[in-house]
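The primary structure of each chain is shown beneath.
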Amino acid sequence: MNKKLVLAVGSLSTLAFLVGCSQITKREVASVDSNGKKLGVEVVPPTEEAATKEILALVKAAYNKPQPGNSYALRIIHGKQHGCVRGEFKINSDIPEKYRFGVFAEPGSSFPAWARLSNGSGKKQHDSMPDARGLAIKLMEVKGAKLADEKGTQDLLFQSKPVFFASDVEAYVKFMKFTAKGGAGGVGDLIKSTNLMDPKDRKGIQILATGSADHIKNPLTAEYFSALPQRLGSHQAMKMKAYPCPPKNGPEAGLKDQMKKDYLNMIMTDHLASSDACIEIAIQLQTDAEKMPIEDATVKWDPALSPFVPVAQMTIPKQSFNSEKRQDFCEHISFNPWHSIEAHRPLGGLNRVRKLVYEHSQYQRHDLNNQRRSEPQANESYE
C-alpha cells in the first residue's frame, strides 16, 4: 500500500477528535440535547483501523480488474452518469440564523456549481435495473481552508435513500467484498458473512434490498438524501435533503421510454432542452444524540424530532450536456465529502473511511485513465 495511505490509516484514531476548535457563537443551538447528552460527538471503535485497511485493499483490487466494453476505468460505485449539468447554488434570503454557517453563512449569496447525476452501480447497466441513485453537487469559488486536495470547492453528496445499509466501517467491509467479487460469488460471500440472528445485519440487508429498488422517472425531479452527517458550524451536526423546487415540474419517463438502456439521460436531455430545472436543499439538525446517532448510519433521523428546513436552491438553466467534451469531464470529475471547509466537516465512521477510500479511488482511476487530476473552473462550460 502507498506509504501516504498507510500513514493516513494510522492516524484514524485521532481523526474523529479533530472537529473544529473555533469559538462557538451565540447563533448556534445548544451543544447538548434535552437529556444533557453532547451533540455531534464521534466515537472511533477499536476495529475501525483494521476494517479500513481491508476496504482499501478491496478498492485497489476492484480497480485492477479489467472492465470489458469500457475504454476507461469506471468508478466502482456510481459508475454510470446520466449527465453533468452546470447551475447556480443560491442561499435563501430568509435562511434562519442558526443555519448561517459555512457556505450557508450569507443570505442571498451564490456559488457557481456542477451536479453529476448517476446510478449507484459501478457497472453501466440498463437504467431500468433496480439500483440506488446519486446526486453529487460541487460548489465552486468557495473560500477557506479545505480538508482534502481541492482548493476552491465544497462537495455535497446525496443518495436516493435517507439511510445507509452499513452501520459502521466494519459492517461496510462485507458489502465491499460483495462489490469487489460481484455476481453469484459475491452474493454468496455476502450471505456467508451476514449473521441473520444479529439485528444490525438483518437491518442492513433490508436497507440494501429496498435501497436498490428505486425506479426514478427523471433524475432532476427525484428526491435525494445526504444519509451521513456532517458539521454545520463549530459543533452542530446536520443531514441534508435535495428535492425538486415546488411546484414540481418536468417530463417523466413513461413505460415505453423505460425500455431504453439510457432513458434517464434521455429524459434529462428532454427536460433541459425545453426548460430550466431547480433543486431545493434543506437541512436537518441533530437534536437528540441517542435517537439521531452520528456513528450508526442505518438509523433515520426522524423529521418529527427535527424537521428539514429549506436553506438553498440550485437552479439549472436550459443546456445541452451530451457533447463529447462534457461527457469526458463528467467521467473524470471527482467528488469527495472531504472536499470541504471545516464548517462542514464530515462526521462518523463511514465518512472517516470515505476520506481515504475516495482519495485512493480517485488517484487510481485517474492513473489508469492517464488523466491529469484537476478541479473544475467556474468560467469553463466544458462544451
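The structure contained in this document is the topic of the report that follows. (Residues numbered from 1 in each chain as written. Predicted model: local features only at pLDDT ≥ 70, side-chain atom pairs only at ≥ 80, totals over all residues. Heavy atoms only, no water.)

## A few points about the environment of Gly254
Now for step 1: One can find Gly254 in the loop between β7 (236-244) and α7 (263-274).
Now for step 2: When the C-alpha atoms of Gly254 and Ile267 are compared, they prove to be 9.7 Å apart, with 13 residues separating the residues in sequence. (Helix = DSSP H or I, 4+ residues; strand = E, 2+ residues; numbered from the N terminus.)

## A look at the nonpolar core
Now for step 1: Grouped together as the largest cluster of nonpolar side chains are 46 residues, with contacts concentrated most on Phe89, Phe104, Ile137 and Ile281.
Now for step 2: If you list the elements that add at least two residues to this core, you get β1 (81-91), β2 (110-119), β3 (133-139), β4 (154-159), β7, α7, β8 (277-285) and β9 (309-316).
Now for step 3: The element that contributes the greatest number of residues to this core is α7, accounting for six residues.
Now for step 4: What Ile137 contacts, discounting residues up to four positions off in sequence, is Phe89, Ala113, Trp114, Ala115, Gln154, Asp155, Leu156, Phe158, Ile281, Met314 and Phe335.
Now for step 5: Counting 34 residues, the second-largest nonpolar core is a separate cluster that includes Ile55, Leu58, Trp114 and Leu350. (Core = buried A, V, L, I, M, F, W, Y, C linked by side-chain atoms within 4.5 Å. Buried < 20%, exposed > 50% of the residue type's maximum accessible area, 1.4 Å probe, protein only. Contact = heavy atoms within 4.5 Å.)

## Points about helix α8 (residues 324-332)
Now for step 1: Residues of α8 that are buried include every one of Arg326, Phe329, Cys330, Glu331 and His332, and no others.
Now for step 2: Looking at the buried positions of α8, the neighbouring elements they touch are β1, β2 and α9 (349-368).

## Side note on the pairing of β7
Now for step 1: Judged by how many residues are buried, β7 sits mostly within the fold: nine of nine residues are covered.
Now for step 2: Of the strand pairs in this sheet, strand β5 (residues 224-225) and β7 are connected by two bridges, and their pairing is antiparallel. Paired with Tyr224 across the strands is Ala242, a residue of β7.
Now for step 3: Two strands pair when backbone bridges link them, and strand β6 (residues 230-232) and β7 are joined in this way by three bridges, in the antiparallel orientation. Paired with Leu232 across the two strands is Gln236, which belongs to β7.
Now for step 4: Remark: three residues form the turn of the hairpin made by β6 and β7, two consecutive strands paired antiparallel; Gly233 in that turn has positive phi of roughly 90°.
Now for step 5: Note that β7 and β8 share seven bridges and pair antiparallel. (Pairing = 2+ DSSP bridges.)

## Regarding unusual backbone geometry
In most cases, non-glycine residues show a negative phi, while peptide bonds are predominantly trans.
Now for step 1: The peptide bond linking Pro246 to Pro247 adopts the cis configuration, its omega dihedral lying at -5°.
Now for step 2: Counting through the fold element by element, Pro247 comes out in the loop between β7 and α7.
Now for step 3: Residues other than glycine seldom take positive phi values, yet Glu141 does so here, at roughly 60°.
Now for step 4: Here Glu141 lies in the loop between β3 and β4.
Now for step 5: Positive phi, normally seen in glycine, also occurs at Tyr382, with a value near 55°.

## Considerations on the packing of aromatic side chains
Now for step 1: With the rule as written, the count across this model stands at seven aromatic pairs.
Now for step 2: Consider the rings of Phe164 and Phe165, whose centres lie 4.7 Å apart with planes at 20°: the pair is stacked.
Now for step 3: Of the residues examined, Phe165 reaches a relative accessible area of 18% and is grouped as buried.
Now for step 4: One aromatic cluster is present, formed by Trp114, Phe329 and Tyr382 through successive ring pairs. (Phe/Tyr/Trp six-rings, centres within 6.5 Å; stacked < 30°, edge-to-face > 60°.)

## Looking at the state of the cysteines
Now for step 1: Applying the stated criterion to the full structure yields two disulfides.
Now for step 2: Disulfide pairing is shown between Cys84 and Cys330; the S-S distance is 2.2 Å. Between Cys84 and Cys330, the S-S torsion sits near 75°, and that sign places the bridge as right-handed. Placement of the pair is Cys84 in strand β1 and Cys330 in helix α8, with a sequence separation of 246 residues. Of the two residues examined, Cys84 and Cys330, each falls in the buried class. (Disulfide = S-S within 2.5 Å.)

## A short note on the pairing of β3
Now for step 1: Within β3, seven of the seven residues are buried, leaving the element largely enclosed by the surrounding structure.
Now for step 2: Burial along β3 is two-sided: Arg133, Leu135, Ile137 and Leu139 facing one way and Gly134, Ala136 and Lys138 facing the other are all buried.
Now for step 3: Sheet topology note: the β2/β3 ladder contains seven bridges and is antiparallel. In the sheet register, Leu117 faces β3, and the bridge partner there is Leu135.
Now for step 4: In the sheet, β3 pairs with β4 via six bridges, with the strands oriented antiparallel. Considered in β4, the bridge of Gly134 is made with Gln159.

## Digging into the side chain of Arg354
Now for step 1: As for its placement among the helices and strands, Arg354 is situated in helix α9.
Now for step 2: Although buried, Arg354 forms no salt bridge, and the nearest oppositely charged side chain, Asp155, lies 9.5 Å from it.
Now for step 3: Residues in contact with Arg354, not counting those within four places in the same chain, are Leu157, Leu228, Asn336, Pro337, Trp338 and Glu359. (Lys, Arg positive; Asp, Glu negative; His and termini not counted. Salt bridge = Lys/Arg side-chain N within 4 Å of Asp/Glu carboxyl O.)

## Brief notes about α7
Now for step 1: For α7, with twelve residues, the first-to-last C-alpha span of 17 Å sits near the 16 Å given by 1.5 Å per residue.
Now for step 2: When α7 is considered as a whole, its buried residues turn out to be Tyr263, Leu264, Met266, Ile267, Met268, His271 and Leu272.
Now for step 3: For α7, the secondary structure elements touched by its buried residues are β1, β2, β3, β8 and β9. (Expected span 1.5 Å × (residues − 1).)

## Some details on the pattern of salt bridges
It is possible for side chains of opposite charge to pair when their charged atoms get near one another.
Now for step 1: In total, this model carries 15 salt bridges according to the counting rule given.
Now for step 2: The residue Lys37 makes a salt bridge to Glu290 at a minimum N-O spacing of 3.2 Å. One end of the pair, Lys37, is in the loop between α2 (12-15) and α3 (48-64); the other, Glu290, is in the loop between β8 and β9, and 253 residues separate them in sequence.
Now for step 3: The exposure class assigned to Glu290 is exposed, which follows from its relative accessible area of 57%.
Now for step 4: Among the ionic pairs, Lys138 bridges to Glu150, the shortest N-O distance being 2.9 Å.

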